[in-house]
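# Residue-level structure breakdown
Chain by chain, the residues run as shown.
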Amino acid sequence: RRRRQELTNEGLEIKLRRLSNQHHFLQASLEKREAAKEEVAELLSSTLAEISRLQRDHSEAESEAQSLKQSGGALKDEGAADVYKHDHKLRKAKQQNVDRLQLVQQSHVREHRTGQDLFALRQTLAELRAHRDTIKARLEVRMLDELKQRREEARSRRDTL
């Protein structure tokens, strides 16, 4: 039973390290994002602090569990309850980390879509400006032609008088 608990604890520590590594990667990625994404970065930062605290609490609980195990059977149950409580917190922290990771992924998707929309809008704007410039040039040509025609008509009226 002690070996199984050690394996479980090692597994939990490995999972905690993986979560911590994932958090560092996500935090580095978030530092490059715009100010609007600062809330997500703060959530991940608080998650890292919570995971770190839970690791310390879990380690302390393991030490306490070993001490209680040596002290006697009555204290053994109390230590197991502490380990369960910290394990519950760890599971909760993992779920929060997953939720926050999903927020980050959704944010990336929104950012990508917004970038695509912005690109499309810029293209449309460029097309509209080109169209405007074409129309403007045609109008200028028409106006010059009309002005020229009016001058010729005025000249021909003057010559006939």
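Residues numbered from 1 in each chain as written. Predicted model: local features only at pLDDT ≥ 70, side-chain atom pairs only at ≥ 80, totals over all residues. Heavy atoms only, no water.

## Looking at the overall build of the chain
Our working rule: In this text, helices come from DSSP runs of H or I with a minimum length of four residues, and strands from runs of E with a minimum of two, each type numbered from the N-terminal end. Relative accessibility under 20% of the residue-type maximum defines a buried residue, over 50% an exposed one, and the middle range a partly exposed one, all with a 1.4 Å probe and only protein chains included. Note on contacts: a residue pair is in contact if any heavy atoms of the two residues lie within 4.5 Å. Accessible surface is estimated by sampling points in the Shrake-Rupley manner with a 1.4 Å probe; for residues, cover comes only from the protein chains shown.
Per the secondary structure count, the chain includes three helices and zero strands. When the helices and strands of the chain are listed from N to C terminus, the series reads α-α-α. Residues classed as buried in the chain amount to 21% of the 161 residues present. Partitioning the contacts of the chain with sequence separation of at least 6, the portion at a separation of at least 24 is 74%. Accessible surface, the chain as shown: approximately 12,500 Å² in total, 52% of it carbon and sulfur.

## Focus on the pattern of salt bridges
How we decide: The term salt bridge refers to a pairing of a side-chain nitrogen on Lys or Arg with a carboxyl oxygen on Asp or Glu at a separation within 4 Å.
The tally for this structure, following the rule as stated, stands at six salt bridges. Between Asp133 and Arg132 there is a salt bridge, with its nearest N and O atoms 3.4 Å apart. With a shortest N-O distance of 3.8 Å, Glu153 and Arg157 are connected by a salt bridge. Within this pair, Glu153 and its partner Arg157 are both found in helix H3 (residues 73-160), separated by four residues, close to a single helical turn. According to the relative accessible area criterion, Arg157 is exposed, its value standing at 53%. One salt-bridge network, held together by shared partners, links Glu50, Arg53 and Asp57.

## Quick notes on a nonpolar patch on the surface
Definition in use: Each patch is built from salt-bridge-free residues with over 30% relative accessible area, joining like charges within 9 Å and nonpolar side chains (Val, Leu, Ile, Met, Phe, Trp, Tyr) within 5 Å.
On the surface, a cluster of nonpolar side chains totalling about 280 Å² of accessible area is made up of Ile135, Leu139 and Met143. Looking at where Ile135 falls in the secondary structure, it is placed in helix H3.

## What about the side chain of His86?
Following the sequence through the fold, His86 ends up in helix H3. Its relative accessible area of 11% is what places His86 among the buried residues. Apart from residues no more than four positions distant in its own chain, His86 is found in contact with Asp57, His58 and Ala61.

## Some words on the side chain of Asp57
To be explicit about the condition: We define a polar contact as two N or O atoms separated by no more than 3.5 Å, with the added condition that, inside protein, one atom must be a possible hydrogen donor and the other a possible acceptor, whereas residues neighbouring each other in sequence contribute only through side-chain atom pairs.
For Asp57, the location among the structural elements is in helix H2 (residues 38-71). The buried category is assigned to Asp57, whose relative accessible area is 16%. In this structure the side chain of Asp57 is engaged in a polar contact, spanning 2.5 Å, whose partner is the side chain of Arg53.

## A few points about the confidence of the model for the chain
Quick note on the threshold: A residue's pLDDT is the predictor's confidence in that residue, given on a scale from 0 to 100.
For the chain, mean pLDDT is 83; residues scoring 70 or higher make up 82% of the total. Within the chain, H3 carries the highest mean pLDDT (91), whereas helix H1 (residues 2-30) carries the lowest (76).

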